Amino acid sequence: MISSLPVRGVGEEAGLAEAGVASMKKDPQVAQKVSGIESSKRLAAYTAVDHHIKPEHRVIGIGSGSTVPYVVERIVQQGQEVNKGRVFIPTGFQSRQLILNAKLSVGDVDEYPSIDVTIDGADEVDSSLNCIKGGGACHLREKVIAEAAKTFIVVADYRKNSQSLCTNYPPGVPIEVVPFAYGKVLTAVQKSIGSPKATLRMAIKKGEQIPPPLMTPALSLTAGPVVTDNGHFVIDAPFEPERMQDPSAVLRQIKLLTGVVEVGLFCNMAKAAYFGNEDGTVTIRHADGRTEEISGAQQ
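What you see is a predicted model, and the numbers here were worked out from it, not measured in a lab.

Quick notes on the rules
Residues numbered from 1 in each chain as written. Predicted model: local features only at pLDDT ≥ 70, side-chain atom pairs only at ≥ 80, totals over all residues. Heavy atoms only, no water. pLDDT = per-residue confidence, 0-100. Contact = heavy atoms within 4.5 Å. Pairing = 2+ DSSP bridges. Helix = DSSP H or I, 4+ residues; strand = E, 2+ residues; numbered from the N terminus. Buried < 20%, exposed > 50% of the residue type's maximum accessible area, 1.4 Å probe, protein only. Axes fitted to C-alpha atoms, helices over the stretch in contact; angles between N-to-C directions. Arc of directions from axis to C-beta. Salt bridge = Lys/Arg side-chain N within 4 Å of Asp/Glu carboxyl O. Core = buried A, V, L, I, M, F, W, Y, C linked by side-chain atoms within 4.5 Å.

S.K.: What is the right way to read the confidence of the model for the protein chain from this model?
M.R.: Low-pLDDT stretches of the model should not have their predicted coordinates read in fine detail. Of all residues in the protein chain, 81% attain a pLDDT of 70 or more, and the chain-wide mean is 87. Note on residues 1–24: pLDDT is under 50 here. Beyond four places in sequence and across chains, it has 43 contacts.

This is the structure in C-alpha cells:
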C-alpha cells in the first residue's frame, strides 16, 4: 500500500525554498529578488480579493500555491463580521490549514457544490487565460473547486504571465494517474501525445531517511514518486510552446488515455487573471480579451 506523504511543488518557488534561506543570508540581491516576487504576489492577491470577494459572497473557494496565503490574508482583513457567515472550500491540505489558521469556517464541495467565487494560483497563464496548474499536485481538486464556482479568478506574479503555455514553466503539464497504469500512460504521452521528455514526478525528500554515506545513485531511486492527496502519481509532460497553441486539444488527447485521472490544463475556465508586477502595478487579463494595468491594492 502506498502511503501519502507531503507533496512538493516543482516550480521556481520550490527551488527558492530549497536554497533561498542560505543564499539570502549571503547575497542581498537574492533577498531583494525574493522580496520583490513576494510583493508582486501580494499585489495580485489583494487586488483580486478587493475586486471579486464581495460581502454578499458566502461560499468561497480557496486554491493552492504560494500566492494563496495573501488571498486569505486579505479576506481576513475584510473583518470578522463579514467573514462570520462565510464558508471556505479548500483545494488541498495547504489551503485547508490556511483557512483553519485564520479561524475561518472550512467546508467541503460535497456539502457546498455551488461556490460563489474561487481564487487560485497558477504555474503559467497564456494570453487566452488557459492555465497550467498542478505544480503542487493538487490539480484534481483544484479543477473541481474551480468548476463548481460561478466565478473563477487566477492570481500570480509577473513570471507566470506568458503568451503560450510551456514557455515559462519548464516542467510542463502535470498529469495525475492511477499508480498501476503510470507506465502505460507515460509511454503514450511520450510517444503518441508528443512529449518525449515526460517523466514521473519523484518526491525528492522521501530519500532523506537513508543515511548520507549510503545514498548511492542506485539507492536514491528508492526515494519514490510523489503521491497526491488522492493516492495517485503525477507525470510532468513538457511540450513545445507551438504544441500549446491549442491546449484544449492536448487536454482532450491526454484525458482519453485510460488511467489518467486529471490533467493540469485549465482551459476556458478563468474569468480573469491578476498578475502582480515589479513596479507595483497589476496586469489584469479578462476572458473577453481585454487587458488593463492598474495600481495595485494598498498593502
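S.K.: What is the right way to read the sheet that holds strand S4 (residues 124–125) from this model?
M.R.: Taken together, three strands build an open sheet; the order of strands is S4-S5-S11 and the sheet is antiparallel. The open sheet has two edge strands with one neighbour each: S4 and strand S11 (265–266). Pairing of S4 with strand S5 (residues 131–132), which is carried by two bridges, proceeds in the antiparallel orientation. Across the sheet, residue Glu-124 finds its bridge partner in S5, namely Ile-132.

S.K.: Which parts of the structure should I look at to understand the pairing of strand S13 (residues 281–286)?
M.R.: Here is the key point about a regular strand: its side chains alternate between the two faces of the sheet. Of all six residues in S13, six are buried, a share of seventy percent or more. Taking every second residue as pointing to the same face, both faces of S13 are buried, with Thr-281, Thr-283 and Arg-285 on one and Val-282, Ile-284 and His-286 on the other. Note: strand S12 (residues 272–276) against S13, five bridges, orientation antiparallel. By the bridge assignment for S13, Phe-275 is matched with Thr-283. Counted between consecutive antiparallel strands, the loop separating S12 from S13 contains four residues, among which Gly-280 sits at a positive phi close to 90°. Sheet topology places S13 next to strand S14 (residues 291–295); five bridges connect them, and they run antiparallel. Bridge assignment links Val-282 to a residue of S14, and that residue is Ile-294.

S.K.: What exactly am I supposed to notice about the sheet that holds strand S6 (residues 149–157) here?
M.R.: Where strands meet in a sheet, backbone hydrogen bonds hold them as pairs that are either parallel or antiparallel. As summarised here, the arrangement of the seven strands in space is S2-S1-S3-S6-S12-S13-S14, forming an open sheet in which the pairing is mixed. The sheet is open, and its two edges are formed by strand S2 (87–90) and S14, each paired on a single side. Averaged over all pairs of adjacent strands, the angle between their axes in this sheet comes to 20°, without regard to strand direction. Looking at chain direction, strand S1 (residues 59–62) and S2 are connected through four bridges and run parallel. In the strand pairing of S2, Ile-62 is matched with Pro-90.

S.K.: Quick question: what am I supposed to make of the side chain of Asn-130 here?
M.R.: Here Asn-130 shows up in the loop between S4 and S5. Apart from residues no more than four positions distant in its own chain, Asn-130 is found in contact with Glu-124, Val-125, Leu-165, Pro-247, Phe-266, Cys-267 and Asn-268.

S.K.: Got a minute to help me understand unusual backbone geometry in this structure?
M.R.: A negative phi angle characterises most non-glycine residues, just as the trans form characterises most peptide bonds. Phi is positive for Ala-137, which is not a glycine, with a value near 65°. Non-glycine residue Cys-166 carries a positive phi angle of around 70°. Structurally, the position occupied by Cys-166 is in the loop between S6 and strand S7 (173–177).

S.K.: Just checking my understanding: could you explain helix H7 (residues 182–193) for this structure?
M.R.: Because an α-helix packs 3.6 residues into every turn, residues spaced three or four apart end up facing the same way. Of the positions making up H7, those classed as buried are Val-185, Leu-186, Ala-188, Val-189 and Ile-193. Each buried residue of H7 lies within a common arc of 165° when the element is viewed along its axis, so the set occupies one face. Looking one or two residues beyond H7, the residue adopting positive phi is Gly-194, at roughly 105°.

S.K.: It is not clear to me how the pattern of salt bridges should be interpreted in this structure. Could you clarify?
M.R.: Opposite charge on two side chains permits pairing when their charged atoms draw close. Scanning all chains against the criterion turns up 13 salt bridges. The salt bridge involving Asp-50 is made with Arg-74; its shortest N-O contact spans 2.9 Å. Taken together, the positions of Asp-50 in helix H2 (residues 28–52) and Arg-74 in helix H3 (residues 68–77) put the pair 24 residues apart, joining distant regions of the chain. Here Asp-236 and Arg-201 are joined by a salt bridge, their closest N and O atoms 2.7 Å apart. Note that Asp-236 is positioned in strand S9 (residues 233–237) and Arg-201 in the loop between strand S8 (199–200) and helix H8 (217–220), a separation of 35 residues in sequence. Residue Asp-236 is classed as buried on the basis of its relative accessible area of 7%. Through salt bridges with shared partners, a single ionic network connects Asp-120, Lys-133 and Glu-142.

S.K.: What's the story with the nonpolar core in this structure? I'm lost.
M.R.: A general tendency of soluble globular proteins is for nonpolar side chains to be buried together. Ranked by size, the top nonpolar core spans 29 residues in total, and within it Val-173, Ile-175, Phe-239 and Leu-265 carry the most contacts. For this core, the elements supplying multiple residues, two or more each, are S7, H7, S9, helix H9 (247–255) and strand S10 (260–263). The element contributing the most residues to this core is H7, with five residues. Beyond its immediate sequence surroundings of up to four residues, Val-173 is in contact with Ile-132, Cys-166, Ile-235, Asp-236, Ala-237, Pro-238, Phe-239, Met-244, Val-263, Gly-264 and Leu-265.

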